[in-house]
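# Geometric and topological summary
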Amino acid sequence: MLDKLDPRSLTIDLETGGISPTHDPILNFGIGDASHSISLPWPLPPLCEEPLRRLLAGPGVKNFHNSQHDLTAIAWKTDFRVNGPIDDTLLMDAALRPQMPHRLAIAAARLFRPRWKNEADDSEYRGSDRYVKMDPQKRARYNCDDVRNQHDLRELLVPQLAADRTAKAIYE
C-alpha cells in the first residue's frame with residue numbers, strides 16, 4: 001500500500017505511548033496522501049521499512065501536526081531521514097488563530113466532520129496506559145483518522161495563510 005502514496009505531499013502522524021518524543025514508545029506510524037491513509041504498527045513489519053524510508057527521504061512536502069514532537073521521535077527512535085519541506089498544521093493554525101487552542105481535534109473542527117477523538121478519549125496527550133493497551137486495530141483506525149484530518153486541515157489552512165500576510169510571516 002505504501003507504493004500507492006503520492007510522494008509529492010505526505011501527511012505523517014505518530015501515535016506514541018505518552019507525550020515525550022524521546023522516552024515514550026512509538027505505537028503506530030501513520031502516513032497518507034490525498035487519497036490514502038495507512039497506519040503501520042511499530043515496530044514496523046520488515047517489508048514496510050524500505051518503502052517508508054524512501055517516502056520519508058524523498059523531496060516532497062511532509063505535513064505534520066506538531067512536527068517538533070514527531071520529528072524528534074523519528075530522529076531518536078529510527079534511522080530514517082525526513083527530507084523535503086516540512087509543513088505543520090499546528091503552527092499554521094497558531095499563526096491564523098492565535099487566541100484558540102491548537103490541538104488537532106479543535107483545529108480540525110472547521111472541517112465539519114464527526115468528532116473522531118472521542119474514540120480514544122484523546123488520552124494520547126496524557127500518556128495513559130489505557131491508550132497504550134487499546135485494541136491495535138482501533139488505534140490504527142484512530143491514527144488513520146488523524147492522518148486524514150491533518151491532510152484536509154492543511155488543504156484548508158494553506159490558502160488562508162497565503163491570503164493573510166501577517167499570519168504567513170508569523171508561520172514562516
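Everything that follows concerns the structure shown earlier in this document.
Each value, and the rule that gives it
Residues numbered from 1 in each chain as written. Predicted model: local features only at pLDDT ≥ 70, side-chain atom pairs only at ≥ 80, totals over all residues. Heavy atoms only, no water. Helix = DSSP H or I, 4+ residues; strand = E, 2+ residues; numbered from the N terminus. Contact = heavy atoms within 4.5 Å. Phe/Tyr/Trp six-rings, centres within 6.5 Å; stacked < 30°, edge-to-face > 60°. Buried < 20%, exposed > 50% of the residue type's maximum accessible area, 1.4 Å probe, protein only. Lys NZ or Arg CZ within 6 Å of the ring centre and 35° of its normal. Pairing = 2+ DSSP bridges. Core = buried A, V, L, I, M, F, W, Y, C linked by side-chain atoms within 4.5 Å.

Along the polypeptide, C144 turns up in helix α6 (residues 136–163). As a C-alpha pair, C144 and A107 span 37 residues in sequence and 17 Å in three-dimensional space. Ignoring sequence-local partners within four residues, the contact set of C144 consists of S37, I38 and S39.

Once that is clear, we can look at the packing of aromatic side chains. Overall, the coordinates contain two aromatic pairs when judged by the stated rule. Judged by centre distance (6.0 Å) and plane angle (20°), the ring pair of F29 and W42 falls under stacked. Of the two residues, F29 sits in strand β2 (residues 26–32) while W42 sits in the loop between β3 (37–41) and α1 (46–57), which places them 13 residues apart along the sequence. Relative to Y142, the ring of Y131 has its centre 5.9 Å away and its plane inclined at 65°; by these criteria the two rings are edge-to-face. Here Y131, found in helix α5 (residues 129–132), pairs with Y142, found in helix α6; they are eleven residues apart in sequence, far enough to count as distant. Each of the two residues, Y131 as well as Y142, counts as buried. Over the aromatic face of Y131 sits the side chain of R139, whose NZ or CZ is 5.9 Å from the ring centroid.

Attention now moves to the side chain of D146. Its place among the elements puts D146 in helix α6. Assessed through its relative accessible area of 2%, D146 is described here as buried. Sequence-distant contacts of D146, that is, excluding residues within four places in its chain, are made with D13, E15, L104, W116 and K117.

Another aspect to go through is the side chain of N149. Its place among the elements puts N149 in helix α6. Judged by relative accessible area, N149 falls into the buried class, the value being 6%. Sequence-distant contacts of N149, defined by excluding residues within four places in its chain, comprise A108, L111, R113 and W116.

So, about the pairing of β2. The two faces of the sheet receive side chains in turn, since in a regular strand these alternate between them. For β2, a buried count of seven out of seven residues is recorded, marking the element as mostly surrounded by other parts of the structure. As judged from the six bridges shared by strand β1 (residues 9–16) and β2, these two strands associate in the antiparallel manner. Within the sheet, the bridge partner assigned to D13 lies in β2 and is G30. Two strands pair when backbone bridges link them, and β2 and β3 are joined in this way by five bridges, in the antiparallel orientation. The partner of I31 across the bridge, within β3, is I38. The antiparallel pairing of β2 with β3 creates a hairpin that spans four residues between the two strands.

This brings us to helix α2 (residues 67–77). Burial in α2 covers these residues: S67, H69, D70, A73 and I74. On its buried face, α2 is in contact with β1, β2, β4 (61–64) and β5 (86–88).

Backbone phi values are negative for most residues with the exception of glycine, while trans is the configuration of most peptide bonds. For the bond from W42 to P43, the omega torsion is 0°, close enough to zero to count as cis. When you line up the elements, P43 lands in the loop between β3 and α1. Phi at N66 is positive, roughly 80°, even though this residue is not glycine. Secondary-structure assignment places N66 in the loop between β4 and α2.

With 19 residues, the main nonpolar core has L2, L5, F29, I31, L40 and L52 as its most contacted residues. Of all the secondary structure elements, the ones that give two or more residues to this core are β1, β2, β3, α1 and α2. Ranked by residue count, the leading element in this core is α1, at four residues. Contact partners of L40, with chain neighbours within four places excluded, come to L2, L27, N28, F29, C48 and L52. Among the nonpolar cores identified, the runner-up in size contains 16 residues, and L111, Y131, L161 and A167 belong to it.

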